Amino acid sequence: MNKILTGLFILMSMVAVGQSKGTISGIVLDKEVNNEPLPFANVYVKGTTQGVTSEFDGTYSLSLDPGTYIVVFSFIGYDTVEVPNITVVAGQIVKLDQILGASQGVSLEEIAITGSTRKESESALLTEQKKATVIRESIGAQRLSKIGVSNAAAATSKISGVTRSEGNGDVYIRGLGDRYLSTTMNGLPIPSDDVERKNIDLGLFNTNIIENVGISKTYSVDGYADQVSGNVNINSKKYSKDMFSIGMRVGSNTNVMKSDVWNNFRTSQAFNNQTLGFYTQDLAIVDAITRQSWNTDKLSTPLNFNLSLAGGTRFELFGNDLSLFATARQDFSYEYQTGLFKSYRSNVLDNSFTDVENFGTQINTTGLIDLNYRIGDYHKISYNTLFVNKTNDNVYEQGRNGEGFVFDQDPQEEGAFVRDQNIKQTRMIVNQLLGSHDLSESNRLTWALGYNYVWAAEPNRIRNEVNILDENTVQFAHVGDFQQRKSNQKIVDTEINGYIKDQITLNSEGENPLKLNLGVNYRNKERDFNSLFIGVRAKGFQVSSIDDLDVAFTQENFDSGSLILRERAPDLYNAELEALAAYSSLDFEFSKFSGNVGLRYEADQIYLIWDVANYVGRVGTTTNDYNNVLPSLNLKYTFNDVHALRFAASKTITLPEFKELAPFEYVSPTGRVTKGNPELMESHNLNFDLKWEMFPTSKELVSLTGFYKNIKDPINLAQTRGSSGNFLFENTGEEANVVGLEFETRLELLDKEHANLNFNFNATKMWFNQDLLAEFQYANRTESDLQGASDFILNAALSFSNNAENEFIATLTGNYSSDKIFALGAPEDFENSDVLYNDEIIEKGFFTMDLVLTKDINDRFSMNLRGRNLLNPAIEQTQKVRDIPTQVETNELVSSYKNGVDISLGMKYTF
């Protein structure tokens, strides 16, 4: 391990190469609008063809051979400025900022600027945030590269008030999780890849396809109302210049690198049926009982690896400009966790395993194609398609050491062993067609149409539950006929969505023009769900080893009656969501006061029909209609060029998801069972924000935000009432309240010619409270925090750059989120709820730290060393348990594991 780390650091330190060029860089400012950044300005060397155009944030960079030059700044309708005697030295950066103003006799109204640019840099996004009417925060590709973020999920956690759950990858905004937020790509809804979630796994969006990730924490009426904490929008990458690049990364995890894991890395049997992450099933589940092994397999060289390609070009089509950007990437990653897992039922130990192991293999293939066609100066049509193929293979084991315990298990409670093998495959295609048309100087029409398709399957899940009786005797457990089983599950989601928006500028010639926005949204989403279980009754049957259970499942044993095949009707449900909305809003600006006021009418309908086991009568149906009038208000007062005050108020809703309504029971590898609830009601939310912000420079920000949310009929994941010990989605109270404070700062601590040091920090403190309905009260508890909500969140990043032409960047980032409720508690016996209850399960807070070192070897080749999760904290869940005879309450550890440290080296070459 030490040799590998030493070798990687030595490789990164080999940066003393010849520096052949120098750089002139800076920012172009607009004198006519209070020295705001000026995009699209021309910066070139007089007497040569060498030049660039300033970015959206006004920045530019010129790479030149050593020498002395005259640098020219120009812009349509502005005075051209020449700056002589600029000396360029090899390996050094000359900073040159310039202010441009309008030429004499030319007014700003006479200048029409058209064009587009990528919003990847931090200063570009800060400029956009500063000018926006709504409260929005974004993180761009430039910053993601510096801090070594590999996907959109990790990117969101760098924004104030946002955390990720280590247990399931969910994103929490201001302490509110999956059901309370929405996810879009380029402004259009995108599907979930997992029946257990409302929103897509943001980890599927690697940085090759991300231009920026934005979070709107306040609501405006042009978006769907099914949100309370905010909306996550991923803007996909577009063409910026002709280029082609290839990247590669290799690394490993310290947990996987342990010799006993590296040489014995387990995969499921189904993993043998995939090639490069594309799974093909060649056996029906019933046939797989005897014709496919029940044992695990092994994998050689579990080394993390990814390869990526990206390119863009521009050409002329029918006399107009057409640009193309395309990227593809494939990732292989491996993880291993070991720890413990326990569960309690009515304050009594239900099961206990001290040697839980999980082997995880993930293969992701992603591809993006983006086309932009500009017709003249006033019409633009773009098309993009995103393809994702995700394969997760997991082998979960508990009880290998013979110390496992399962309450009331046959043949005995001790020596319990559980193995769950599961491969999950998701194939997703997102197609989007978007257009914008300047119909006149005062009328702009935008529209979009999307089609999403998701195929998600667990094609061959294998589960065994046995008892280790002695060193040479293993007996199959028997509490029912499905403890030895194979199963498959398939979800097919299709969705059509779109919008039309017309923006009309009123009084365009006056000092205070108004912008009237009229629009409609529509989406139709359908889901077909199918799950089939095939069990084996193996009561009393014995084998000699847990690593060769396969010897039992032969055709001869079924023919003789030693084993009995058990089948049941498949679990099915079909669901449809249809949403239609119309809205109107008005943008206004009066001197220093600006804002937006809007009203939306949205009609949503969810139809669900099911045929599932564990539901009385198996078959059921529900139709829920939701009709809402939803206002929003966003106000902004600009004190000066630096300070502004914002206020936002809105009403939103939280709709139950398909998986929260359908009464299907999903069993996790640990044995936790989660079930939907057809009686679940929607939540109604009131949201208020007050934010002060200061922009000391184009790259700096200081802000303080206070917010309040009131949620009627909050939805939570809770432990079920009664004796099942399962989990159920419930409206657990009449209302919940969230009060919070957010502080954020982005500062340039050092900004010198040869060194730059910037510091990003944000912290969020929240106070949660919800009342509990009588059926959820126990042990004198009548109130609770919200499920999944951390009351304190902290993010920080310190980044150093040597500002050389071949730049070296070192970035250290840290994140902390405090304790949060994994699942609410519930009584098992109302008459004795002071002692017979299951208390809430708490996911403990933890701190993570990452280090990223990046070095440009030359203007085409760069290297990157990442160390993730350097502190390797324990991920723990606890639960308070009361001993009934003594009435003494203890805080028990019910789940614990560590993720290990990821070390990787990446290289990128641009042609």
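Conventions and cut-offs
- Residues numbered from 1 in each chain as written.
- Predicted model: local features only at pLDDT ≥ 70, side-chain atom pairs only at ≥ 80, totals over all residues.
- Heavy atoms only, no water.
- Helix = DSSP H or I, 4+ residues; strand = E, 2+ residues; numbered from the N terminus.
- Rg over C-alpha atoms; globule rule 2.2 N^0.38 Å.
- Contact = heavy atoms within 4.5 Å.
- Areas by Shrake-Rupley, 256 points an atom, 1.4 Å probe, with all protein chains shown as cover.
- Lys, Arg positive; Asp, Glu negative; His and termini not counted.
- Charge placed at Lys NZ, Arg CZ, Asp CG, Glu CD.
- pLDDT = per-residue confidence, 0-100.
- Pairing = 2+ DSSP bridges.
- Axes fitted to C-alpha atoms, helices over the stretch in contact; angles between N-to-C directions.
- Salt bridge = Lys/Arg side-chain N within 4 Å of Asp/Glu carboxyl O.
- Buried < 20%, exposed > 50% of the residue type's maximum accessible area, 1.4 Å probe, protein only.

In this section: the overall build of the protein chain. Secondary structure assignment for the protein chain yields eight helices and 57 strands. For a compact globule of 911 residues, the expected C-alpha radius of gyration is about 29 Å, and the protein chain comes in at 29 Å, within 12% of that figure. Structurally, the protein chain occupies a C-alpha span of about 100 × 60 × 60 Å along its principal axes. Considering only contacts in the protein chain between residues 6 or more positions apart, those separated by 24 or more positions represent 72%. Accessible surface, the protein chain as shown: approximately 36800 Å² in total, 54% of it carbon and sulfur. Mean positive and mean negative side-chain charge positions of the protein chain (81 and 117 charges, respectively) differ by 4 Å.

Another point: the confidence of the model for the protein chain. For the protein chain, the average pLDDT comes to 86, and 90% of its residues sit at 70 or higher. A low-confidence stretch, residues 1-19 (pLDDT under 50), is modelled with 25 contacts involving residues beyond four sequence positions or located in other chains.

Let's shift gears to the sheet that holds strand β38 (residues 665-667). The strand order across the open sheet built from four strands is β38-β39-β43-β42, with neighbouring strands paired in mixed fashion. Strand pairing shows two members of the sheet lacking a second neighbour, β38 and β42 (715-719), which therefore form its edges. Direction aside, the axes of adjacent strands within the sheet are offset by 30° on average. Here strand β39 (residues 673-675) pairs with strand β43 (residues 727-731) via two bridges, running parallel. Bridged to lysine 675 within β43 is leucine 728.

The next subject is the sheet that holds strand β6 (residues 67-74). One open sheet holds the four strands; their spatial order is β4-β3-β6-β7, and the pairing between them is antiparallel. Single-partner strands in this sheet number two, and they are β4 (51-53) and β7 (81-88). Taking the axes of each pair of neighbouring strands and ignoring which way they run, one obtains an average angle of 20° across the sheet. In this structure, β6 lies alongside β7, joined through six bridges in antiparallel fashion. Directly across from valine 71, in β7, lies its bridge partner valine 83.

Applying the stated criterion across every chain yields a total of 36 salt bridges. The closest approach of N and O atoms between aspartate 420 and arginine 461, which form a salt bridge, is 3.0 Å. Taken as a pair, aspartate 420 in strand β27 (residues 416-440) and arginine 461 in strand β28 (residues 443-470) lie far apart in primary sequence, 41 residues in all. Residue aspartate 420 is classed as buried on the basis of its relative accessible area, which comes to 1%. The class for arginine 461 is buried, based on a relative accessible area of 8%.

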